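Spelled out from the first residue to the last, the chains are:
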Amino acid sequence: MTDIREAARVLWYFHCVYDDLEPCEVIIGLGSYDLRVAAHCANLFHDGFADHIIFTGARGNWTRELFSASEADAFKDHAIAQGVPSDAISVETHATNIGENIRFCADMVPLAKQAIFVTKPQTQRRCQATVQKQWSNVLARVTAPNTSFEGQPLPHHDERALICEMVGDLDRMQTYATRGFQTEVKVPDAVHRAFDVLVNAGFVDHLQ
């Protein structure tokens, strides 16, 4: 398993972005199975990075049994529990993928010039490339909870699921660029090799 974890860490560090942040007009939290994203949005709000949050996301394959409503609604409830006023939060409950997350939020705040996008650590690079294509006129800064690879698995999304997710997202980043869904991302050879190690080891649950 050591070689598997080493390969997984290569993908992890590639997927992570962590832009430097500055105050902006809106914080956009991409819905998922991970409520730590909502908590991080709440922390950014309290730290004065923006006075409004949009949570985006319908109910997906990983959250259909996890939340009683949409991902966006679950994130909103969690942020309110962290002290964010309800009137400082908007929700977008129809998006089923990152491209829709970005496009639908762009429609909600078409005049926004700067935005902070908050997602899971391992989804940052895909989010960044998608924003560059789907909302090119916004100055986007991408961030996530500062979680380690070892600390990222959850009871409902374990290490195997995390690795499969990273493998699938790397594959999507390459195919989605050719389909016009995001900008092209240069993938280093070491990341390609780690991807091959993980695919050959059977971490293919999230491949298309």
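If you're wondering where the values come from, they're calculated on a predicted model, not measured in any experiment.

Tallying secondary structure elements over the protein chain gives 7 helices and 5 strands in all. Beginning at the N terminus, the succession of helices and strands in the protein chain can be written as α-β-α-β-α-β-α-β-α-β-α-α. The C-alpha radius of gyration of the protein chain comes to 16 Å, within 12% of the 17 Å expected for a compact globule of 208 residues. Sequence separation of 24 or more characterises 78% of the internal contacts of the protein chain that already satisfy a separation of 6 or more. Accessible area for the protein chain stands at about 9,600 Å²; split by element, carbon and sulfur atoms hold 48% of it. Side chains of the protein chain carry 18 positive and 27 negative charges; the gap between the two charge centres is 4 Å.

Pairing between strand E2 (residues 53–56) and strand E3 (residues 89–92): 4 bridges, direction parallel. By the bridge assignment, Ile53 is partnered in E3 with Ile89. Remark: the E2/helix H3 (residues 71–81)/E3 crossover connection has right-handed handedness.

Another aspect to go through is the environment of Gln122. Residue placement: Gln122 occurs in the loop between strand E4 (114–118) and helix H5 (124–134). What makes Gln122 buried here is its relative accessible area of 0%. When the C-alpha atoms of Gln122 and Thr147 are compared, they prove to be 9.8 Å apart, with 25 residues separating the residues in sequence. The residues touching Gln122, leaving out its near neighbours within four places in the chain, are Trp12, His15, Tyr33, Gln152, Leu162, Glu165, Met166 and Asp169.

A few words now on the sheet that holds strand E5 (residues 139–143). Reading across the sheet, the 5 strands line up as E3-E2-E1-E4-E5 and stay open at both edges, with parallel pairing between neighbours. Bordering the open sheet on either side are E3 and E5, each of which pairs with just one other strand. Sheet twist, expressed as the average angle between the axes of neighbouring strands with direction ignored, equals 25 degrees. Alignment of strand E1 (residues 26–30) against E2, held across 4 bridges, turns out to be parallel. Across the sheet, Ile28 pairs through a bridge with Ile54, a residue of E2. Where H3 meets the sheet, it contacts E1, E2 and E3, and its direction lies at approximately 165 degrees from that of E3.

Another point: unusual backbone geometry. Most peptide bonds take the trans configuration, and most residues that are not glycine carry a negative phi. One non-glycine residue, Tyr18, lies in the positive phi region at around 55 degrees. Mapped onto the fold, Tyr18 is located in the loop between helix H1 (2–15) and E1.

Summed over all chains, the structure comprises 7 salt bridges. Taking the shortest distance from any N to any O, the salt bridge between Glu159 and Arg5 comes out at 3.1 Å. Here Arg5 lies in helix H1 and Glu159 lies in helix H6 (residues 159–178), a separation of 154 residues in the sequence. For Asp205, the salt bridge identified is with Arg160, shortest N-O distance 2.9 Å.

For the structure shown, the criterion picks out 5 aromatic pairs. Here the aromatic rings of Tyr33 and Trp62 are separated by 5.6 Å at their centres, their planes lie at 85 degrees, and the arrangement is edge-to-face. Placement of the pair is Tyr33 in the loop between E1 and helix H2 (36–46) and Trp62 in the loop between E2 and H3, with a sequence separation of 29 residues. Residue Trp62 is classed as partly exposed on the basis of its relative accessible area, which comes to 40%. Taking 5.2 Å as the distance between ring centres and 80 degrees as the angle between the ring planes, the aromatic pair formed by Tyr176 and Phe181 counts as edge-to-face.

Rules and cut-offs
Residues numbered from 1 in each chain as written. Predicted model: local features only at pLDDT ≥ 70, side-chain atom pairs only at ≥ 80, totals over all residues. Heavy atoms only, no water. Helix = DSSP H or I, 4+ residues; strand = E, 2+ residues; numbered from the N terminus. Rg over C-alpha atoms; globule rule 2.2 N^0.38 Å. Contact = heavy atoms within 4.5 Å. Areas by Shrake-Rupley, 256 points an atom, 1.4 Å probe, with all protein chains shown as cover. Lys, Arg positive; Asp, Glu negative; His and termini not counted. Charge placed at Lys NZ, Arg CZ, Asp CG, Glu CD. Pairing = 2+ DSSP bridges. Right-handed = clockwise from strand over helix to strand, strands pointing away. Buried < 20%, exposed > 50% of the residue type's maximum accessible area, 1.4 Å probe, protein only. Axes fitted to C-alpha atoms, helices over the stretch in contact; angles between N-to-C directions. Salt bridge = Lys/Arg side-chain N within 4 Å of Asp/Glu carboxyl O. Phe/Tyr/Trp six-rings, centres within 6.5 Å; stacked < 30°, edge-to-face > 60°.

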